[in-house]
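Architecture at a glance
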Amino acid sequence: MGKKSDIELIVGGLRKDKRLPEQTREIKMKVGNIVSANGSAEVSFGNTIALSSVHGPRELFPRHLQESQTGILRVRYNMAPFSVDDRKSPGPDRRSVEISKVIRLALEPAIFLDDYPKVTVDGFVEVIQADGSTRVTGINALSLALASAGIPMKDLVTACSVGKINGTLIVDLNGEEDNNSESDVAVAIMPTSNLVTLLQMDGVLTKEELMHLLDLAKKTCKDIHEMQRNVLLEKYKGEE
Amino acid sequence: MSSREIVLPGDMLGPREGKKLGSGVYEENEKVYSKFLGMPRINENEISVVPLSGTYLPRFGDRVIGVIEAVEVSGWFVSINCPYSAFLPLSEAVDEFVDLQRTELTRYFDIGDIVFCRLSKVTKNKLVQASMRDFESRKLRNGVLVKVTPTKIPRIIGKEGSMIMLIKNRTKCEIVTGQNGWVWIRGDNKDKAIEAILTIERESHLAGLTEKIEKMLGE
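Residues numbered from 1 in each chain as written. Chains lettered and ligands numbered in written order. Predicted model: local features only at pLDDT ≥ 70, side-chain atom pairs only at ≥ 80, totals over all residues.

Time to look at the overall build of chain A. Tallying secondary structure elements over chain A gives 4 helices and 11 strands in all. Over its C-alpha trace chain A gives a radius of gyration of 18 Å, about what one expects of a compact globule, namely 18 Å for 240 residues. When its C-alpha atoms are laid out on the principal axes, chain A stretches across 55 × 40 × 35 Å. Per-residue burial over chain A gives 46% buried out of 240 residues. In chain A, 71% of the contacts between residues at least 6 apart in sequence involve partners at least 24 apart. (Helix = DSSP H or I, 4+ residues; strand = E, 2+ residues; numbered from the N terminus. Rg over C-alpha atoms; globule rule 2.2 N^0.38 Å. Buried ≥ 20, exposed ≤ 12 C-beta atoms within 10 Å, placed from the backbone. Contact = placed C-beta atoms within 7 Å.)

Attention shifts here to the sheet that holds strand 1 (residues 12-15) of chain B. Residue and element names in this part refer to chain B. Here 3 strands make up an open sheet; going across it, the order is 1-4-3 and the pairing antiparallel. Looking along the sheet, the strands with just one partner apiece sit at the ends: strand 1 and strand 3 (25-28). For this sheet, the mean inter-axis angle between neighbouring strands, taken without regard to orientation, is 25°. Bridge analysis of strand 3 against strand 4 (residues 31-34) gives 4 bridges, and the strand direction is antiparallel. (Pairing = 2+ DSSP bridges. Axes fitted to C-alpha atoms, helices over the stretch in contact; angles between N-to-C directions.)

The next thing to look at is the pairing of strand 4 of chain B. Both strand 1 of chain B and strand 4 of chain B contribute to a ladder of 3 bridges, which runs antiparallel. Bridged to Pro15(B) within strand 4 of chain B is Lys31(B).

How big an interface is tends to be expressed through the accessible area that disappears when the partners come together. Each partner contributes to the interface: chain A provides 27 residues, whereas chain B provides 17 residues. Taken together, the elements giving at least two residues each to the side of chain A that touches chain B come down to strand 5 (48-59), helix 2 (134-148) and helix 4 (207-236) of chain A. Examining the composition of the side of chain A that touches chain B, we find that 4 residues originate from one element, helix 4 of chain A, more than from any other.

A separate point is the sheet that holds strand 2 (residues 20-21) of chain B. Hydrogen bonding along the main chain pairs the strands of a sheet, whether they run parallel or antiparallel. Pairing in this open sheet of 3 strands is mixed, and the strands run 2-6-5 (chain B) from one edge to the other. Strand pairing shows two members of the sheet lacking a second neighbour, strand 2 and strand 5 (38-42) of chain B, which therefore form its edges.

This part is about the environment of Leu144(A). Residues and elements named next belong to chain A. By the element assignment, Leu144 lies in helix 2. C-beta crowding within 10 Å serves as the criterion here: with 30 such atoms nearby, Leu144 is assigned to the buried category. Each C-alpha atom, one on Leu144 and one on Asp172, is 19 Å from the other, the two residues being 28 residues apart in sequence. The contacts of Leu144, once residues within four sequence positions are left out, are Met29, Val31, Ala41, Val43, Gln228, Val231 and Leu232.

Now for the pairing of strand 7 (residues 119-129) of chain A. Residues and elements named next belong to chain A. Across 9 bridges, strand 5 lies against strand 7 in antiparallel orientation. Residue pairing across strands places Leu51 opposite Glu126, the latter belonging to strand 7. Following the backbone out of strand 6 (residues 72-79), through helix 1 (residues 94-107) and into the adjacent parallel strand 7, one traces a crossover that is left-handed. (Right-handed = clockwise from strand over helix to strand, strands pointing away.)

Before going further, it helps to spend a moment on the domain arrangement of chain B. Each assigned domain of chain B is listed with its residue range as follows: domain 1 (12-51), domain 2 (63-140) and domain 3 (144-217). Taking the mean C-alpha position of each, domain 1 of chain B and domain 2 of chain B sit 35 Å from one another. (Domains from an automatic or database assignment.)

It is worth spelling out the packing of helix 2 of chain A against helix 4 of chain A at this point. Packed helices, taken two at a time, are described by their axes: the angle between them and the distance between them. Residue and element names in this part refer to chain A. Direction vectors running N to C along helix 2 and helix 4 enclose 35°, while the axes themselves pass 11 Å from each other. Between helix 2 and helix 4 the crossing geometry is right-handed. For the pair helix 2 and helix 4, the contacting residues are Asn140, Leu144, Ala147 and Ser148 in the first and Ile224, Gln228, Val231, Leu232 and Lys235 in the second. Considered class by class, the residues forming the contact of helix 2 with helix 4 number 5 nonpolar, 3 polar and 1 charged. (Left-handed = near helix turned anticlockwise from the far one by under 90°. Nonpolar A, V, L, I, M, F, W, Y, C, P; charged D, E, K, R; others polar.)

Let us look at unusual backbone geometry. All names here are of chain A. The omega angle of the peptide bond from Gly56 to Pro57 is 10°, so this bond is cis rather than trans. Of note, Pro57 is situated in strand 5. Of the consecutive residues Phe61 and Pro62, the connecting peptide bond is found in the cis state with omega at -5°. Mapped onto the fold, Pro62 is located in the loop between strand 5 and strand 6.

In this section: the nonpolar core. Within the largest apolar cluster, 72 residues are counted, with the highest numbers of intra-cluster contacts made by Leu107(A), Leu146(A), Ala159(A) and Val187(A). The element that contributes the greatest number of residues to this core is helix 2 of chain A, accounting for 8 residues. Every residue in contact with Leu146(A), bar those within four places of it in the chain, is listed here: Gly39(A), Val54(A), Leu107(A), Ile111(A), Gly123(A), Ile151(A) and Met153(A). Of all hydrophobic cores here, the second largest spans 39 residues; its members include Tyr84(B), Met163(B), Cys173(B) and Ile185(B). (Core = buried A, V, L, I, M, F, W, Y, C linked by C-beta atoms within 7 Å.)

Further remarks concern the confidence of the model for chain B. In the predicted model, chain B carries a mean pLDDT of 90, and 97% of its residues have values of at least 70. What the predictor reports for the complex is a pTM of 0.91 with an ipTM of 0.90. (pLDDT = per-residue confidence, 0-100.)

On to helix 4 (residues 190-202) of chain B, then. Residue and element names in this part refer to chain B. For helix 4, with 13 residues, the first-to-last C-alpha span of 18 Å sits near the 18 Å given by 1.5 Å per residue. Where helix 4 is concerned, the buried positions are Ala193, Ala196, Ile197 and Ile200. Relative to the axis of helix 4, the buried residues are bounded by an arc of 95° and lie together on one face. Check the buried side of helix 4 and you find it contacts strand 13 (144-147), helix 2 (153-157), helix 3 (162-171), strand 14 (174-177), strand 15 (182-186) and helix 5 (209-217). (Expected span 1.5 Å × (residues − 1). Arc of directions from axis to C-beta.)

See the structure below:
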């Protein structure tokens, strides 16, 4: 991370998995697969699979966490022990606590929590297979789950990762690219208003490169948003 | 935009043009957007969106079915299928004079009892008060509660009550629907009635539902 890699990740303009620099992996989305939840979704970007569910709005305990004027959103991001090559020790760690917070902050601006004073909306993101860009996959999944749970939202939230490898700007990093990139940037936007709700950067980029990557990310997010729309409409199609 | 379409959160419904903002929408720069995944309802006076899913949110005047969850000094807390409980004060529930020194309130309602009541007050912070001071409100005895999606209740009732009357007439059951998504049923044929109601909930979007229910319930 942060320096040029010795591995040839881009040969003849193509990435190792035969993608163009600005091409995403195959994206699959499914809504409503967890019956006991108020809303749920599964999103996969290539080999990265995130499962998300939303429970609530429901009563918040312990009571001292309640806010009298507004509801709160709680997010738990968790990686399954079998999601990575080496076994990941189960349970929360520093990384997943941070990512939970980052996902929450990315989604909070889009939700009308004021409509539900004193209660909580609980969102869960379970990464069952990890191959890079897990947090943006989680954001896409959770945003779908929130919409299908009937939570009032300003807009769907759409996210994608962009980065730089050996001088080439690329979209949707997989695990290997993530580990060997000069820089990677996670971006989440609200596509209708074009507002950015998450922007995280690792490594080194010039200002021009960052601005170019942001444009790329916004363009990719618009495409992902279209997919999110279609999967939600498909699910509720004909439900008068 | 036709009113049969489904909209998603953030979809633009049109310019406001002095129309009233109904539920499920928000305004930004004179334009109206949807808050929910739902069906838009647009007419010359009002723009609103009816969500397709979601938990019940209490509103003033709603007729709901509740279950007593706690007995207090001078009233009851009623669970109404949402994150907020409603308070039912003694004065709003009982007509006669009650001497609180001598009377146990469980004489009127005990934990687990089912009541049909009206929401007489809902504050901004979702403090909810219920009232039984009208002729329809009463204690519901010996029946069963069925839980359905709150947004499907109008479909179960039907146009001017046609669907619910059909089920009532064919099964000879007593049925009470609460706007919070709970339906109370009592009668010998209640299994048939429950089946009919769950079918309506499941297939509320399909055409020819009335005929199907008619056929299902038989003569």
